[in-house]
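Here is how the chains run, residue by residue.
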Amino acid sequence: FHHAHSQLDRFAAVFPKMRPHLIAVNLNGMRADGPMILPVGEGDREQEMISIIHKSGYRGLVGLLHHQRTMDAAKGLARNIEGLRRILAAIGDTVGASTY
């Protein structure tokens, strides 16, 4: 998601084309109007994007991007994990949510 801000509105259309070529998907919070990097679950776009990935059947690696110099990495990654758990539960992926 990190470099996809200019592609947010196209994500549903382009993800199926990218999916066969992906090794991993790195997640971060996304907000169309910025800031560029947020914790997962604190943006307004990543739940929709994660839902698209989930519905696509993607079963590859998932990474969490911590890219905030003002926050300790362990705390930032824990915040990302909690946000991902909330999103997975919200989209009905209780199995996925239980793995974090």
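Before going further, it helps to examine helix α2 (residues 46–56). Every buried residue of α2 is listed here: Glu46, Met49, Ile50, Ser51 and Ile53. On its buried face, α2 sits against α1 (11–18), β1 (24–27) and α3 (73–90). Two residues or fewer after α2 comes Gly57, characterised by a positive phi angle close to 90 degrees.

This part is about the nonpolar core. Phe1, Val25, Leu27, Ile50 and Ile53 are the most contacted members of the largest nonpolar core, which totals 17 residues. Listing elements by their share of this core, those giving two or more residues are α1, β1, α2 and α3. Residues within four places of Leu27 in sequence aside, it is in contact with Phe1, Val40, Ile50, Val62, Gly63, Leu64, Leu65 and Leu84.

Look at α1 against α2: their axes get within 10 Å of each other, and the N-to-C directions meet at 40 degrees. Viewed along their axes, α1 and α2 adopt a mutual orientation that is oblique. Our pair here, α1 against α2, has a crossing hand that is right-handed. Touching Phe11, Ala12 and Phe15 of α1 are Met49, Ile52, Ile53 and Ser56, all from α2. Considered class by class, the residues forming the contact of α1 with α2 number 6 nonpolar, 1 polar and no charged.

Below, the discussion takes up the packing of aromatic side chains. Each pair of aromatic rings is reported with the distance of its centres and the angle of its planes. Scanning the model with the defined rule gives 2 aromatic pairs in all. With centroids separated by 5.4 Å and ring planes inclined at 35 degrees, the aromatic side chains of Phe11 and Phe15 adopt a geometry described as tilted. Of this pair, Phe11 and Phe15 both sit in helix α1, 4 residues apart, which is roughly one turn of the helix. As far as the burial class goes, Phe11 and Phe15 line up, both buried.

A separate point is the pairing of strand β2 (residues 61–64). Across a regular strand the side chains alternate sides, sitting on one face of the sheet and then on the other. As paired elements, β1 and β2 share 4 bridges and run parallel to each other. Bridge pairing in β2 places Asn26 opposite Gly63. Between the parallel pair β1 and β2, the chain is carried across by α2, and the sense of this crossover is right-handed.

A few words on the environment of Ala32. For Ala32, the position within the fold is in the loop between β1 and α2. In this structure the C-alpha to C-alpha distance between Ala32 and His5, which are 27 residues apart in sequence, comes to 6.6 Å. If near-sequence neighbours (up to four positions away) are discounted, Ala32 is found in contact with Leu8, Asp44 and Arg45.

On to the pattern of salt bridges, then. Scanning the entire structure with this criterion turns up 4 salt bridges. With a shortest N-O distance of 2.7 Å, Glu42 and Arg79 are connected by a salt bridge. Pair noted here: Glu42 is in the loop between β1 and α2 and Arg79 is in helix α3, with a separation of 37 residues, a long-range link. Classification of Arg79 by relative accessible area gives partly exposed; the value is 35%. A salt bridge links Glu48 to Arg45; its shortest N-O distance comes to 3.6 Å. Among the residues examined, Glu48 registers a relative accessible area of 44% and is labelled partly exposed. A residue is classified by how much of its surface remains accessible, and Arg45, at 14% relative accessible area, is buried. Where salt bridges share partners, they join Asp9, Arg45 and Glu48 into one cluster.

Calculation rules
Position numbers for residues count from 1 along each chain, tracking the sequence in the order it is written. Residues qualify for local features only when their pLDDT is at least 70, as the model is predicted, and side-chain atom pairs are given and counted only at 80 or more; totals for whole chains, interfaces and linings, by contrast, use all residues. Derived side-chain values reflect all non-hydrogen atoms in the structure, with water molecules and hydrogen atoms excluded from consideration. Each residue's exposure class comes from its accessible area (1.4 Å probe, protein chains only) as a fraction of the maximum for that residue type: buried when under 20%, exposed when over 50%, partly exposed otherwise. Where helices and strands are cited, they refer to DSSP runs of H or I of at least four residues and of E of at least two residues respectively, numbered from the N terminus. Residue contacts are counted whenever heavy atoms from the two residues lie within 4.5 Å of one another. We define a nonpolar core as any set of buried Ala, Val, Leu, Ile, Met, Phe, Trp, Tyr and Cys residues linked to one another through side-chain atoms lying within 4.5 Å. Axes here mean lines fitted to C-alpha atoms, for a helix over just the part in contact, with angles spanning 0 to 180 degrees between N-to-C directions. Orientation categories follow fixed angle ranges, with anything under 35 degrees roughly parallel, anything over 145 roughly antiparallel, 65 to 115 roughly perpendicular, and all other angles oblique. Should the near helix be turned counterclockwise from the far one by less than a right angle, the crossing is left-handed, whereas a clockwise turn marks it as right-handed. Classification convention: Asp, Glu, Lys, Arg as charged; Ala, Val, Leu, Ile, Met, Phe, Trp, Tyr, Cys, Pro as nonpolar; all other residues, Gly among them, as polar. Aromatic rings from Phe, Tyr and Trp, with only the six-membered ring used for Trp, were paired whenever their centres fell within 6.5 Å, and each pair was classed as stacked if the ring planes differed by under 30 degrees, edge-to-face if by over 60, and tilted otherwise. Two strands are counted as paired when DSSP detects at least two bridges linking them. Orient the strands so they point away from the viewer, and a crossover whose first-strand-to-second-strand path over the helix runs clockwise is right-handed. Whenever Lys or Arg places a side-chain nitrogen within 4 Å of a carboxyl oxygen from Asp or Glu, that contact is recorded as a salt bridge.

In short, geometric facts, not functional conclusions.
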